[in-house]
Amino acid sequence: MLRATLKSLLARKVRLVLSGLAVVLGVMFVSGAFVLTDTLGRSFDAIFADAYEGIDVQVAAKPKLAVSETEGEQVSPPFPATVLDQVRTLPGVSGATGSVNAAGARLIGSNGKVVTSFGPPQLGSNWTGESGLLELREGRAPQSDGEIVVNAALAKAGKVTVGDRVGVLTLAPKQEFTLVGIFGYSGGRDSIGGANEIHFTTPVAQRLMLGAPNTYNGIILTTADGVSPEQLRDDVAATLGDGYVVKTGEQLSADAAAGLKEGLSFFNRILLGFAGVALLVGTFLILNTFSIIVAQRTRELALMRAIGASSRQVIGSVLVEAVTIGLLASVLGLAAGIGVGALLAYVFGQFAGGLTLAGLGVPPVAVLSSFGVGLVITVVAALLPALRASRIPPIAAMQDVATPDRPLTRVTLSGAVVTAAGAGLLALGLSGNAGDNTLVTILTGVLLAFIGVALLTPLISRPVVSLLGGLFSWSVPGKLGRLNSGRNPRRTAITAAALMVGIALVTGVTVILDSAKASIAGQAEQIIDAELVIAGEQTGPQTPTFDPTVVDRAAALPGVAAVAGLYNDMAEVDGERRFVNAATDLAAVGRIWGAKATAGTVTTLRPDQVALSEPAAKELNKSVGDRITAQFARGEPHTYTVSAIVPEDRLPGSIMLPKEAAADFTQPQPYLALVQLTPGTPVAQVQPQLEELVKDSPEVSVADRAGFIAQQNGQFDTLLQMIQILLALAIVIAVLGIINTLALSVLERTRELGLLRAIGLRRAQTMRMITVEAVVISVFGALLGVTVGSGLGAAVVEALKDEGITDLVLPWAQMGLFVGLAALIGVIAAVLPAIRAARINVLGAIAHD
């Protein structure tokens, strides 16, 4: 029985390839994700080992506010220079160097624009001299306060050379410096992990990066002979107390790598999520393939039953074929995934400013997951067809291949139950009542919804396909194609469901993002009564900010009625992490923000007062007169008295602090300014004057309200494009499913096609018939996809009403485009099966058994 199964499999190589290709692509995605994150993880291990190689022990003040990698840059608070003098005299210390090292130093390149960084930090430090790691390549060290040196990667990116006058943005507004040197790193490297570094003299670094003279935010210690780093660490920690963090170089390297790996694991989960979508689509393809195979082999399997094969052996025959396909697909998918992982790691390295990659490695989890996923998917998908094959009676060996159209009652009831379960889980997850399992609940609900709709699809496939096929029934090939596509509702439904999944997800995400964009635009139009906005578009780790004096100078311009400058940051409020805001002029905020609402507003706050929105007051359980304690990125905790609680739309944020609080924010400069003009003043009159005011902040621009809204919504468009690219793989697998179904259908109908050709159907007509069949199935799948996707998107939008997404937008143009592309996909998918059908030998086909 085993030999017969393997011979049957090898005799149908095309079927083997088409069946396994979907699994290959899905496994490729899974193994590629693990190879990518493993390669990047080891690369960062090597980078941080080099970065901290010359450090025995480092001293830093304990952060005032812990910030994760996904929330922004960790602010290491400054401490007085007297701490350096204190540790320098401790036993076991042979050398102590005070260091300033903080994120936020941005170079303005030769083109007048800020050199951006997508991921790696932009660091500002004090120059402490060359070391075994750091070496000057050109020029000299900075000696006066107007001089800087930069690393070679930054010099190349900014196209600057020694002797140039360059602008630098930091915690302070733009300042001009002379570039006197360019440095690199051991091993000929231009940067460490793609970081851009600017080194100042120590007094300038203290003032610009820490905001206070005679302070440091780190001390690098060298151990004396006979003293281990661990021993010195413990002695220094005991001396300085709990307010400081003391670590060895090895600990610093491990902690830094662990933080980045946390971000990589999140990225890995995203890739695996899309791999799961691809595998779900592949499951539909394999299920359909094995169903067709069993139908084609009915007589063959019945003969085996007639000569003594048991039902168990028939099941085993089908499952052996599935295991064989799964093994081969897993091997090929793993190999492809290794290549894809290496390619993505290279792209990531270039994107991160020339990251030096570790050697390519294949972690055990990549191998195990590849074979586990490949085998499980194929075996599970083949199980139902295998059970169906075991029920074939031996009498079928004396008949033509029989594939009766079974009743749809059972599958329809199953589909209704599964769909209802999916809808229930979705409702539970979106309502926020699933606790810590919200994401798992929502994803399970989506999965069950897709499976349920796929099970319900046969019920509607025949009438819908007949209706769609009617568009092509003006010719004989069109009529035949319509009849063929509706001949087997189950087969058509599964093939269409594979395409449905990808299109439904893209449609659902589009509905959510378009609704969010429309809601934001509508709320901005209703709430913000400002004609011009000063803001920047974030292109790196730091939010673009500008000089606070710009707000005052803008308010003094002719034609300007009011200007409100806004600050924001993360803070710990009564032990809870929350975003907080501050404003330069609360009276101006009252005029501009929520001016079309009917409720009252806040016009002033004393340095010890705070205003809360009604939802924030409820969450914090605060009333007017109560106190809150806030810890910012810098400074000591502050206590504020609640002076006002106002409706949510009267504040730009939920917690409004006095402008004095911004001094302790991560970036103590405004990120946004709203400019209201006097009635009758044209925007074109004031906008050029505002642009002149921010000319020293190249990251910042001036836009009218519509332009600002479009700029903010552009982030949603970028996100949508990324999702569409990742989901394209699922759509490619669905196209393979259509090709596979048609190719196997052509084989199944060999005799029928021969008879049609014999009675006069020409080759071109045969090809048109197959093409119509493919187009009808593709369009049916697309219609299912846009319908299901719109429903899922609408459900999410409804659940997010309290979060501000109040407008439901259905992207009719894009949904029409999806249906049109599905028709094109059908034409493309039909090419090979149509050519095969047209080339059938008429006499051989008529004699085909």
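The structure under discussion appears in the preceding block.
A brief report on the enclosed structure follows.

About the cut-offs
- Residues numbered from 1 in each chain as written.
- Predicted model: local features only at pLDDT ≥ 70, side-chain atom pairs only at ≥ 80, totals over all residues.
- Heavy atoms only, no water.
- Phe/Tyr/Trp six-rings, centres within 6.5 Å; stacked < 30°, edge-to-face > 60°.
- Helix = DSSP H or I, 4+ residues; strand = E, 2+ residues; numbered from the N terminus.
- Buried < 20%, exposed > 50% of the residue type's maximum accessible area, 1.4 Å probe, protein only.
- Pairing = 2+ DSSP bridges.
- Axes fitted to C-alpha atoms, helices over the stretch in contact; angles between N-to-C directions.
- Contact = heavy atoms within 4.5 Å.
- Arc of directions from axis to C-beta.

1. Focus on the packing of aromatic side chains
The relation between two aromatic rings is expressed through the spacing of the ring centres and the mutual angle of the planes. The tally for this structure, following the rule as stated, stands at 6 aromatic pairs. Here the aromatic rings of F79 and Y244 are separated by 5.6 Å at their centres, their planes lie at 70°, and the arrangement is edge-to-face. Residue F79 is located in strand β2 (residues 79–80), and its partner Y244 is located in strand β14 (residues 244–248); the two are separated by 165 residues in the primary sequence. The buried category is assigned to F79, whose relative accessible area is 2%. A network of ring pairs unites the aromatic residues W127, F183 and Y185 as a single cluster.

2. Side note on the sheet that holds strand β3 (residues 93–99)
One open sheet holds the 4 strands; their spatial order is β3-β13-β1-β14, and the pairing between them is antiparallel. Of all the strands in the sheet, just β3 and β14 have a single pairing partner and so form its edges. Mean inter-strand twist for the sheet, computed between neighbouring axes without regard to direction, equals 20°. As judged from the 3 bridges shared by strand β1 (residues 57–61) and strand β13 (residues 218–223), these two strands associate in the antiparallel manner. When the bridges of β13 are listed, V57 appears paired with L221. The strands that helix α6 (residues 229–240) touches are β1, β3, β13 and β14; relative to β14, the one it contacts most, it runs at about 175°.

3. A closer look at helix α23 (residues 831–838)
Among the residues of α23, P833, A834, A837 and A838 are the ones counted as buried. Around the axis of α23, the buried residues are gathered within 135° of arc, so they sit on the same side.

4. Points about the pairing of strand β22 (residues 672–677)
Most of β22 sits out of view: 6 of its 6 residues are buried. Alternating positions in β22 separate into two faces, L672, L674 and Q676 on one and A673, V675 and L677 on the other, with burial throughout. Here 4 bridges tie strand β15 (residues 532–536) to β22, and the two strands are oriented antiparallel to one another. Residue pairing across strands places A535 opposite L672, the latter belonging to β22. For strand β16 (residues 560–573) and β22, the ladder comprises 6 bridges, and the chain directions are antiparallel. Across the sheet, A564 pairs through a bridge with L674, a residue of β22.

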